[in-house]
Amino acid sequence: MVSSWRVQQAAREIRAGAVIAYPTEAVWGLGCDPWDEEAVYRLLAIKERSVDKGLILVADNIRQFDFLFESFPEDWIDRMASTWPGPNTWLVPHQDLLPEWITGIHDSVALRVSDHPQVRELCALVGPLVSTSANRQGRPAARSRLRVEQYFRGEVDLVLGGALGGRKSPSVIRDLVTGEVIRP
């Protein structure tokens, strides 16, 4: 896959510790490298979000999460794979394989494989990303680049241009172990 120069630029920025804004399927997101503690805490500060709440990780394919799935039953992996790529987020046991700045106070981590072309391109270049809605705690999620600029002018390192994916609502969230729908 040949990536656009803008996505390549965003990938370079992320590798250098940037917090970026980017379009997703339904709303704009804020993201960074989940392994970069400083970048994640900066993102949380920008968003005014407690680290205790945990964050979603987004990828371009299920294989980017294989390191979490080694001890999972095959039916769990099949269940997730049958809904990806797409607007489905799964809460999966993290087994202490991720840092607390991603998992918060939870025993699970939220995972999604995006079907948005730019998100997939970006994740193909840098691996899984933090993906959280572009808004301050308690405010509506940004649904336009203009709103992102209004919310975060001068606070994010890069705003990746592009269009939303056309969905009206954020992804469905399900618990992998129980099958319970957490957010329809």
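It should be emphasised that the depicted structure is a prediction, and the values quoted were computed from it without experimental measurement.

Conventions and cut-offs
Residues numbered from 1 in each chain as written. Predicted model: local features only at pLDDT ≥ 70, side-chain atom pairs only at ≥ 80, totals over all residues. Heavy atoms only, no water. Patch = residues over 30% accessible without salt bridge, like charges linked within 9 Å, V, L, I, M, F, W, Y side chains within 5 Å. Areas by Shrake-Rupley, 256 points an atom, 1.4 Å probe, with all protein chains shown as cover. Salt bridge = Lys/Arg side-chain N within 4 Å of Asp/Glu carboxyl O. Helix = DSSP H or I, 4+ residues; strand = E, 2+ residues; numbered from the N terminus. Buried < 20%, exposed > 50% of the residue type's maximum accessible area, 1.4 Å probe, protein only. Arc of directions from axis to C-beta. Contact = heavy atoms within 4.5 Å. UniProt positions renumbered as here; feature names shortened; annotations may be inferred.

Things to note about a nonpolar patch on the surface
Inference 1: Residues W35, F67 and L97 make up a contiguous nonpolar surface patch of roughly 290 Å² in combined accessible area.
Inference 2: Relative to the helices and strands, W35 is located in the loop between β2 (28-31) and α2 (37-47).

Let's talk about helix α4 (residues 74-81)
Inference 1: Of the positions making up α4, those classed as buried are W76, I77 and M80. Axial view of α4: buried residues confined to an arc of 95°, hence all on one face.
Inference 2: Those residues of α4 that are buried lie in contact with α3 (66-69) and β4 (88-93).

Regarding the UniProt feature "domain: YrdC-like" (unreviewed entry) in the chain
Inference 1: This chain's UniProt record puts "domain: YrdC-like" (unreviewed entry) on residues 4-184.
Inference 2: Here residues 4-184 is 31% helix and 21% strand, with 33 Å between the C-alpha atoms at its ends.

Looking at the pattern of salt bridges
Inference 1: Under the counting rule described, the total for this entry stands at five salt bridges.
Inference 2: When the shortest N-O distance is used, the salt bridge between R145 and E149 registers 3.8 Å. Taken together, the positions of R145 and E149, both in helix α7 (residues 145-152) and four residues apart, correspond to about one turn of that helix.
Inference 3: For R145, a relative accessible area of 35% puts it in the partly exposed group.

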